[in-house]
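Tertiary structure, described
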Amino acid sequence: MMASSTSSSIEHTMLAASEQLQVPSSITKFKIGLCQLSVTSEKNQNLACAHNSIKAAVKCGASLVVLPEMWNCPYSNDYFAKFAEDFENEDASPTFSMLSEAACSHGITIVGGSVPESSDGQLYNTSCVFGPDGKLKAKHRKIHLFDIEIPGDITFKESDFFAAGDKPTIVDTDVGRIGIGICHDIRFPELAALYRAKGARIICYPGAFNISTGELLWEVMQRARAADNQLFVASCSPSRDSSGSYAIWGHSTLVGPSGEIIATSGHEETVVVAEIDYSKIELQRKGLPLDKQKRADIYLS
Ligand SMILES: NC(=O)CC(=O)C(=O)O
């Protein structure tokens, strides 16, 4: 929360009491599972692999499971349209059905990574969140599309295929309030700050950073978003496929509210399971009260 101020320029970040999250008092600690999946050009195989990985995370005690960006489909322009599903038509969406069924049968919350969504003649890069009753709780469409052209290094243009989402996504779940971003969304600190201001305790970023940007930035940006906002950041990536056209960095990670890495992986297929302890947020915010120290009067005037 921002410190109280009369400046109208910061009013948009101040919240009505009803908007502020109260995490259910029973939840202070739980386990999160990050399913770093191997993605192939066979959708059914990807669905089966994701389902097995969710089961493995549950077996290790996870009550929140996060999947990667583009896990039912290779991260390639050649596949997005072919693999897209319409989530409004749930019965015709095998991805929606599998996630909903898995959340319900295991009684967990699933942040379903992202997959290509077709809606109203457009494609979106979309993440669906399911609750333990198997119901869809939220849908985040990637807001910042990954358009990059670094000569001699990497060229990729998501906006040739996808339309951008136009809203932030904050969702109240059985394990507290979660903000959702997809991969390149992590580069925009304003989005993370908005989630913190609205009471998120975790931001989940399904991502598929490539090896060019990943080595330099993936860890740094997760730690920065977590430390700036004094909350947990969880990322989940596909594993690397050396034969694919887009070399994925991997390194699914959980970062704590002081910017510390709690758990991470390499680039191989794996499941990372780690504990989230919300008392760490209170401790960090009490010892280093950034919200009170913030000088909004200076930077926003
Ligand atoms: N998928 C992405 O948005 C990739 C990205 O941001 C990157 O740096 O790589």
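The following refers to the structure shown. This structure is a prediction, so every number in the text was calculated from the model and none was measured. (Residues numbered from 1 in each chain as written. Predicted model: local features only at pLDDT ≥ 70, side-chain atom pairs only at ≥ 80, totals over all residues. Heavy atoms only, no water.)

Some thoughts on the environment of glutamate 219
By the element assignment, glutamate 219 lies in helix α5 (residues 211-229). Remark: the alpha-carbon pair of glutamate 219 and valine 255, spanning 36 residues in sequence, is separated by 9.0 Å. (Helix = DSSP H or I, 4+ residues; strand = E, 2+ residues; numbered from the N terminus.)

Details of α5
The end-to-end C-alpha distance of α5 is 27 Å, a good match for the 27 Å that 19 residues give at a rise of 1.5 Å each. Its axis deflected by about 50° at leucine 217, α5 carries its strongest bend there. If you check which residues of α5 are buried, you get Thr213, Gly214, Trp218, Met221, Gln222, Arg225, Ala226 and Asn229. Each element contacted by the buried residues of α5 is listed here: β7 (147-150), α4 (189-197), β11 (202-206), β12 (232-236), β13 (253-255) and α6 (279-287). The residue sitting at the N-terminus of α5 and contributing the capping side-chain oxygen is asparagine 210; that oxygen lies 2.7 Å from the backbone nitrogen of serine 212. In the stretch just after α5, glutamine 230 is the one whose phi turns positive, near 55°. (Expected span 1.5 Å × (residues − 1). Bend = angle between axes of the 7 residues up to and from the residue. Buried < 20%, exposed > 50% of the residue type's maximum accessible area, 1.4 Å probe, protein only. Contact = heavy atoms within 4.5 Å. Polar contact = N/O pair within 3.5 Å; in protein donor to acceptor, adjacent residues only side chain to side chain.)

What to know about the pattern of salt bridges
All chains considered together, the criterion is met by twelve salt bridges. A salt bridge links glutamate 69 to lysine 142, with the nearest nitrogen and oxygen atoms 2.8 Å apart. Linking glutamate 69 in the loop between β2 (62-66) and α2 (80-83) with lysine 142 in the loop between β6 (136-141) and β7, this pair joins segments that are 73 residues apart in sequence. When sorted by exposure, glutamate 69 lands in the same class as lysine 142, which is buried. Here arginine 201 ties to glutamate 282 by a salt bridge, and the two come within 2.5 Å at their closest N and O atoms. One end of the pair, arginine 201, is in the loop between α4 and β11; the other, glutamate 282, is in helix α6, with 81 residues separating them in the sequence. The exposure class assigned to arginine 201 is buried, which follows from its relative accessible area of 16%. When its relative accessible area of 38% is taken as the criterion, glutamate 282 is described as partly exposed. Each member of the salt-bridge network shares a partner with another, and the members are Glu88, Glu117, Lys139 and Arg141. (Salt bridge = Lys/Arg side-chain N within 4 Å of Asp/Glu carboxyl O.)

Overview of the site of the ligand
Close to the ligand lie Glu69, Tyr75, Lys142, Phe146, Cys183, His184, Arg187, Ala208, Phe209, Asn210, Thr213 and Tyr246, which account for all nearby residues. Here a nitrogen atom of the ligand and a side-chain polar atom of glutamate 69 are 2.9 Å apart. Contact distances for the ligand include 2.8 Å between an oxygen atom and a side-chain N or O atom of threonine 213. Protein contacts shield 100% of the accessible area of the ligand, which totals 270 Å² for the unbound molecule. Counted by class, the shell around the ligand contains six nonpolar, three polar and three charged residues. (Near = heavy atom within 4 Å. Areas by Shrake-Rupley, 256 points an atom, 1.4 Å probe, with all protein chains shown as cover. Nonpolar A, V, L, I, M, F, W, Y, C, P; charged D, E, K, R; others polar.)

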